[in-house]
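Breakdown of the fold
Here's the letter readout for the chains.
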Amino acid sequence: QVQVVESGGGLVQPGGSLRLTCAASGINFNLYAMDWYRQRPGKQREFVARITSMSKTVYADSVKGRFAISRDNAKNMGFLQMSSLQPDDTSVYYCTVNGGVESYWGQGTQVTVSS
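The sections below set out a description of the structure shown in this document.

In protein structure, a disulfide is the covalent linkage between the sulfur atoms of two cysteines. According to the stated counting rule, one finds one disulfide in the structure shown. A sulfur-sulfur distance of 2.0 Å marks the disulfide that ties C22 to C95. Here C22 and C95 share a disulfide; its torsion about the S-S bond, -75°, makes the bridge left-handed. Note that C22 is positioned in strand 3 (residues 18–25) and C95 in strand 9 (residues 91–98), a separation of 73 residues in sequence. Since its relative accessible area comes to 0%, C95 is described here as buried.

Given below as structure tokens:
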């Protein structure tokens, strides 16, 4: 079976940093694109960043210059390095792994930015 698990969330003060991890199993990870989304209660799910199987990256305007997405195919892992965090970044962050035919989602990890 395919599993996608996010980790690394937590509480951080404004201006701080966190690194989220997305661990995938049960797939040939290097053939998949990996996306990060976030969603706050009562809000629409928001695209954050994408890294393709060829390591092309795309960022939402709201995080561009502050977040960096990367992947380590040998470890079947992807990452989202978040810096200069703001209260508006508070959300549950989700990783999704996409092969063009199928997509797999993790359970999410909570990020709270507050002083």
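On we go from here.
With respect to the helices and strands, the residue V48 is situated in strand 5 (residues 46–51). By relative accessible area, which is 0% here, V48 ends up buried. V48 sits 41 residues away from D89 along the chain, and the two C-alpha atoms are 10 Å apart.

The next point concerns the sheet that holds strand 7 (residues 67–72). The strand order 1-3-8-7 describes an open sheet built from four strands, whose pairing is antiparallel. On the outer flanks of this sheet lie strand 1 (3–7) and strand 7, each paired with one strand and no other. With direction set aside, neighbouring strand axes in the sheet form an average angle of 15°.

Mapped onto the secondary structure, R66 falls in the loop between strand 6 (57–59) and strand 7. Those residues in contact with R66, other than ones at most four positions away along the chain, are Q81, M82, S83, S84, L85, Q86 and D89.

A separate point is unusual backbone geometry. One non-glycine residue, S55, lies in positive phi territory at about 70°. You can see S55 is positioned in the loop between strand 5 and strand 6. In this model, N76 sits at a positive phi of 55°, which is unusual for a non-glycine residue. Relative to the helices and strands, N76 is located in the loop between strand 7 and strand 8 (77–82). Owing to a relative accessible area of 26%, N76 belongs among the partly exposed residues under this scheme.

Conventions adopted
- Residues numbered from 1 in each chain as written.
- Predicted model: local features only at pLDDT ≥ 70, side-chain atom pairs only at ≥ 80, totals over all residues.
- Heavy atoms only, no water.
- Disulfide = S-S within 2.5 Å.
- Helix = DSSP H or I, 4+ residues; strand = E, 2+ residues; numbered from the N terminus.
- Buried < 20%, exposed > 50% of the residue type's maximum accessible area, 1.4 Å probe, protein only.
- Pairing = 2+ DSSP bridges.
- Axes fitted to C-alpha atoms, helices over the stretch in contact; angles between N-to-C directions.
- Contact = heavy atoms within 4.5 Å.

Taken by themselves, the reported measurements are silent on function.
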